[in-house]
Number of protein chains: 2
Amino acid sequence: MGKEKLVKAITSMEDDFAQWYTDVCLKSELIDYTSVKGCMVIRPYGYAIWENIQRILDGMFKETGHENVCMPMFIPESLLQKEKDHVEGFAPEVAWVTMGGSEKLEERLCVRPTSETLFCDHYKNVVQSWRDLPKLYNQWVSVVRWEKTTRPFLRSREFLWQEGHTIHATAEEAMEETVKMLNVYAEFCEKYLCIPVVKGLKTEKERFAGAVQTYTIEALMHDGKALQSGTSHYFGDGFAKAFDIQYTDKDNKLSYPHQTSWGMTTRLIGAVIMTHGDDNGLVLPPAVAPKQVMIVPIAQHKEGVLEKADELFARLKPNFRVGLDASEQSPGWKFAEYEMKGVPVRLELGPKDIENNQCVLVRRDTREKYFVSLDELEEKITWLLEDIARNMFETAAARRENMTYDATELDEMKAIADEKPGFIRALWCEDRECEDKLKEVAGVSSRCMPLGMQENIEGKCVCCGKPAKKLVYWGKAY
Amino acid sequence: MGKEKLVKAITSMEDDFAQWYTDVCLKSELIDYTSVKGCMVIRPYGYAIWENIQRILDGMFKETGHENVCMPMFIPESLLQKEKDHVEGFAPEVAWVTMGGSEKLEERLCVRPTSETLFCDHYKNVVQSWRDLPKLYNQWVSVVRWEKTTRPFLRSREFLWQEGHTIHATAEEAMEETVKMLNVYAEFCEKYLCIPVVKGLKTEKERFAGAVQTYTIEALMHDGKALQSGTSHYFGDGFAKAFDIQYTDKDNKLSYPHQTSWGMTTRLIGAVIMTHGDDNGLVLPPAVAPKQVMIVPIAQHKEGVLEKADELFARLKPNFRVGLDASEQSPGWKFAEYEMKGVPVRLELGPKDIENNQCVLVRRDTREKYFVSLDELEEKITWLLEDIARNMFETAAARRENMTYDATELDEMKAIADEKPGFIRALWCEDRECEDKLKEVAGVSSRCMPLGMQENIEGKCVCCGKPAKKLVYWGKAY
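Report follows, based on the coordinates. No experiment lies behind these values; they were computed from the predicted model shown. (Residues numbered from 1 in each chain as written. Chains lettered and ligands numbered in written order. Predicted model: local features only at pLDDT ≥ 70, side-chain atom pairs only at ≥ 80, totals over all residues. Heavy atoms only, no water.)

Secondary structure assignment for chain A yields 15 helices and 23 strands. The C-alpha atoms of chain A give a radius of gyration of 25 Å, which matches the 23 Å a tight globule of 478 residues would have. Counting only residues that meet the buried cut, chain A has 61% of its 478 residues in that class. Of all intrachain contacts in chain A linking residues separated by at least 6 positions in sequence, the fraction that spans at least 24 positions is 68%. Approximately 19,600 Å² of chain A is accessible, and the part contributed by carbon and sulfur atoms is 47%. Both charge centroids of chain A, one from 62 positive and one from 76 negative side chains, sit 2 Å from each other. (Helix = DSSP H or I, 4+ residues; strand = E, 2+ residues; numbered from the N terminus. Rg over C-alpha atoms; globule rule 2.2 N^0.38 Å. Buried < 20%, exposed > 50% of the residue type's maximum accessible area, 1.4 Å probe, protein only. Contact = heavy atoms within 4.5 Å. Areas by Shrake-Rupley, 256 points an atom, 1.4 Å probe, with all protein chains shown as cover. Lys, Arg positive; Asp, Glu negative; His and termini not counted. Charge placed at Lys NZ, Arg CZ, Asp CG, Glu CD.)

Right, here's the structure in full:
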C-alpha cells in the first residue's frame with residue numbers, strides 16, 4: 001500500500017489541524033477552489049452529503065407544518081435599512097450590485113446576506129387578518145457575506161443554507177416556534193449527524209442583528225474549538241413595527257404579529273468533518289453518507305468474482321446506498337480511497353469468500369472486521385450502520401465530556417483556555433464588560449447559556465467576582 | 001356562489017390573455033410581486049409545483065448518470081470574457097457586483113446568467129486524463145439576466161433553473177449527450193406536464209451564445225404563441241480551447257474535450273398555466289399538482305361528516321397527495337378555490353353519500369362527476385388521475401394540431417401570422433436574410449427545424465423562392 005498511501009497522504013491532525021482539515025476537504029473530493037475569491041465549488045461527493053442533509057431536514061420541516069417558498073436574491077438598499085439593528089449588523093458585509101447590463105442602477109441592491117427584510121416585504125402583502133396567521137415558511141437558497149478570511153464550508157463568501165421565517169399572532173406562539181425549531185436542529189445533529197450539541201441562549205453581545213433572543217446549538221470539534229451549528233431567533237414585533245405589518249385580530253383590533261427565523265448551513269459539513277474525521281480522512285455518519293456500503297472485489301480477475309459482486313450490488317441496492325468499485329485499481333488503493341471518503345462500511349468479496357458463502361465487512365469508525373454469511377447480509381449491514389451511528393455519537397460525546405472544564409476564577413480560566421482546548425463552564429454576572437474582558441484576557445467568547453441549567457444559580461462571576469446570574473459555556477470558536 | 005365568484009373573478013382568456021395569465025398567477029397564489037423590481041416571490045403553492053418538477057427531473061438526470069454540484073453564483077469579469085461569442089451574448093444583460101461591504105472590488109463580478117465559464121474553470125482542475133472523462137454534472141440554482149420587461153415565470157430578472165454541464169472525450173459522445181438530454185426534456189414535458197412539444201434544432205440566429213448547435217423543445221400556448229421550454233447545447237471544443245482544457249488520451253496525446261449544457265427553468269410553470277388553464281383558473285397535471293385530490297365535506301356540521309372525511313383523508317394519504325378543507329368557508333367557496341388552484345380531483349362527501357357508502361369525484365379538466373363506492377375509491381382515483389393526464393395531453397395536442405398551418409408564399413405566411421395564432425410550417429433556404437425578413441414582414445421568428453423531418457426537402461423558400469434546404473416551424477413566441 002506504500003504507493004497509494006503516498007498519493008492520498010494527508011497531514012495528521014496532531015501536526016496541523018487546519019491543514020488536516022483542508023487536506024480532507026480536497027482529497028475526499030468534497031470541494032474545489034475556484035477563480036472566484038472566497039467562494040468554492042461543491043463537488044459531487046460534497047453535494048451528495050448536502051442533498052442527504054436537505055432531504056432529512058426538509059422532511060422534518062414539513063412534518064412540523066412548514067412550507068417552502070422562494071424570495072428574490074436581491075434586497076434594495078432602502079428595504080435593508082428599515083430595521084435599524086439589522087442593517088447595522090449586515091450592511092458592512094454585503095455585496096452590492098450597482099450595474100444592470102451597462103446601466104447604473106437608480107438604487108443599489110445587495111445580494112441577500114439573510115432574508116428577513118424580504119419576508120417582511122411579502123408578509124405585508126399577505127397578512128391582513130388573524131385567519132392569515134401563522135405563516136410557516138422556509139427556503140433553501142444561498143446567501144452572501146463578504147468575509148475577509150474564508151475556509152471551505154466554515155466561512156465562505158457564498159454559502160448554502162435554509163432559512164426558516166415564520167410570523168405568528170402572539171409572542172407566545174412565536175417563542176414556542178423558536179424553541180421548537182431549535183429542538184428540531186438539535187435532534188437532527190444528534191440523531192443523523194451523530195454530533196452531540198449544547199442547546200442554549202446567546203448573550204446579548206452574540207445575538208443575531210435585530211433579534212430579541214437568539215438560541216443556538218454548539219458543537220465541539222476534534223481540536224477543542226466550538227462550532228455554532230444552527231441558530232433560531234425570536235424577533236418579537238420589532239420587524240413588524242419597522243415594516244408596518246399589522247393584522248386584524250379576532251376582536252377586530254389592529255395588532256402587530258411576532259416573528260422568528262432559523263437557519264442551518266453547509267457549515268454542517270465542516271462540523272461532520274471536524275467531529276468524526278481522523279488521519280485516514282472523512283468518517284461519515286451513515287444517515288448522510290452518499291454511499292453507505294462500498295463493495296470492493298478481491299482478485300476480481302478470477303472467475304465469478306465480478307459476477308458475484310454485481311449480484312450483491314443489485315441485491316443491496318433497494319435497501320442501502322451502495323457502490324461497487326470494479327475499476328482496475330488495486331484493492332489496497334480502493335481501501336485507502338473509501339477510507340478517505342469516509343464510507344461507513346466496506347464490503348470485501350474474494351474467491352475464498354464466495355466459496356464459503358460469505359463476505360468481509362469492515363467498518364470505517366473502528367476498522368473492525370466481520371466475516372458475514374451472505375444469508376444474513378442485510379440484517380448485519382443494518383445492524384452495523386446503526387452501531388456505527390451509535391458509536392460515532394458516543395465517541396464524540398465522550399470526547400466532549402473530557403474536553404469540558406469548570407472554572408471559578410479568571411486566572412484558572414485563562415490557564416485552561418491556554419492549555420486545554422475545549423468548553424469552559426463558568427458563572428457570569430451578565431455584564432457585557434466581563435464578557436469583553438474574558439475575550440481579551442482568555443481569548444474565549446460566550447458560546448451559550450445552556451437551557452435547563454439556569455435555575456438557582458449561586459456563586460460568583462468568573463471575571464468580576466460579583467454575584468453570578470448565568471451559567472455560560474465559553475470557548476474558542478470557528 | 002355569487003359572492004365567491006366575485007372574490008376570485010379573473011379576466012377571461014378571450015378578453016385579455018395577458019391579464020388572464022397574471023390573474024391566474026396571483027389568484028391561485030403562485031406568486032407575489034415584491035419591492036425588488038423584475039423579481040417575484042414564489043409562494044408555497046407555486047414552489048410546491050417546482051418541487052415536484054425538480055423531484056421528477058432530478059430523478060431522470062440521476063437515472064442517466066448525472067451528479068449534482070454547486071458552483072459559485074459570481075463570475076469574475078475576466079472569466080466571463082474568455083469565450084468571445086459567449087461574453088457577447090451575455091455581457092449586455094448581467095448584474096454587476098462592484099462593492100464588497102464598503103470597499104470597491106478590484107475586479108467586478110457578475111451574478112451568473114449561466115455557468116459555462118465556471119464549469120470550465122473547474123474542469124481545468126479536474127480533467128487531466130481520459131480516465132477523468134466524462135464528467136456529467138448538473139446544478140439546481142437561480143440565475144440573473146437583466147431583462148427590461150418582465151412577467152411572472154416567463155421572463156424575470158432572477159429565475160430558478162437546472163443547468164446540466166458535461167464534458168466528454170469525443171465530439172460523438174458529446175453530441176449523443178446533447179440529444180439524449182433533449183429527449184429527457186421532451187419526455188418530461190409530454191409525460192409529466194402533459195404538454196406536447198416539437199423537438200428541433202435552432203437556426204444559427206437563435207443559437208445559444210457560444211454553442212455549435214442548440215436543440216430545443218417548443219410548446220404551443222393557448223393563445224397560439226410558442227414557448228421555448230428547454231434547450232440543449234453542443235459546444236464542440238470551443239470552450240475547451242478558450243479555457244485551455246486538455247486531457248491525455250489513451251494514446252498519451254493531448255486532446256481537447258467536448259462539452260454540452262442544457263437547461264430548464266421555472267418557465268415550465270408558465271407553460272403549464274398557458275397550456276392547460278381555463279377561465280376558472282389553473283388546471284394542473286396530476287404528476288406535479290401539489291394536491292392531487294382535495295376533500296370537501298358537504299354539510300360538515302352534521303354528525304359524522306367530518307369524522308368520515310378525516311378517515312378518508314388518512315386512508316388516501318399513503319397513496320395520493322391529498323388535502324382536506326374542513327374550514328368554515330362554504331362548499332361553494334371551496335369549489336371555486338380549488339378550481340382556481342387547478343386541483344385535479346375534488347372529492348365531495350356529505351351525509352347522504354356516507355349513508356350510501358359513496359362519494360362524489362369531480363375532475364378539474366372536464367368537470368365530469370362520478371359517484372363512486374367507497375369500496376373502490378383508490379382504484380377509481382388512480383384511474384381518474386391517469387385519465388386526466390391522458391385527456392390533458394390529447395386536448396393540448398389536438399389544439400396544437402388545429403393551430404399549426406402550412407405556408408408556401410410570403411403573403412400567405414403574413415396573412416396566417418396576422419389572423420391565425422399558432423405554428424406556421426414553411427420551407428426555408430437557410431439564409432439569414434430571409435429569416436430576418438420573415439420577422440420584419442410577418443412578425444414571426446424561427447422556432448426550430450423539427451428533427452426527423454429534414455430528409456428529402458423539396459420546394460422553395462417561403463421568403464425568397466430559392467430552393468429550400470430546411471423545414472422550419474415559425475411563430476410568435478414568449
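For the pair chain A and chain B, the relating rotation is 180°, the translation along its axis is 0.0 Å, and the fit reaches an RMSD of 0.0 Å. Here the transformation between the copies is reduced to the relation of a two-fold axis. Among all C-alpha atoms of chain A, that of Val97 of chain A lies closest to the rotation axis, at 2.1 Å. Mapped onto chain B, 100% of the interface residues of chain A are again interface residues, and the two copies thus contact each other with one and the same surface. (Least-squares fit on C-alpha atoms with pLDDT ≥ 70 in both.)

Moving on to unusual backbone geometry. Geometrically, the link from Leu133 of chain A to Pro134 of chain A is a cis peptide bond, its omega value of -10° lying close to zero. For Pro134 of chain A, the position within the fold is in the loop between α6 (116-126) and β7 (135-144). Even without being glycine, Ala299 of chain B reaches a positive phi, approximately 50°. Summarising the element assignment, Ala299 of chain B is placed in the loop between β15 (293-297) and α10 (305-316). With relative accessibility at 22%, the residue Ala299 of chain B sits in the partly exposed group. Backbone geometry at Arg367 of chain B places phi at a positive 65°, although glycine is not the residue there. As for its position among the elements, Arg367 of chain B is in the loop between β18 (358-363) and β19 (369-373). Under the relative-accessibility criterion, Arg367 of chain B is labelled partly exposed at 42%.

A few words now on the pairing of β19 of chain B. All names here are of chain B. Covered by surrounding structure in β19 are Tyr370 and Val372 only, the residues Lys369, Phe371 and Ser373 on the alternate face being uncovered. With 5 bridges connecting them, β18 and β19 associate as antiparallel partners. Across the sheet, Cys359 pairs through a bridge with Val372, a residue of β19. Count of turn residues in the β18/β19 antiparallel hairpin: 5 residues, of which Arg367 carries a positive phi of about 65°. (Pairing = 2+ DSSP bridges.)

Before going further, it helps to spend a moment on the side chain of Gln292 of chain B. With respect to the helices and strands, the residue Gln292 of chain B is situated in the loop between α9 (267-276) and β15. Setting aside its immediate chain neighbours within four residues, Gln292 of chain B contacts Pro286, Phe320, Arg321, Val343, Pro344, Val345 and Leu385 of chain B.

Shape descriptors only; they carry no functional weight alone.
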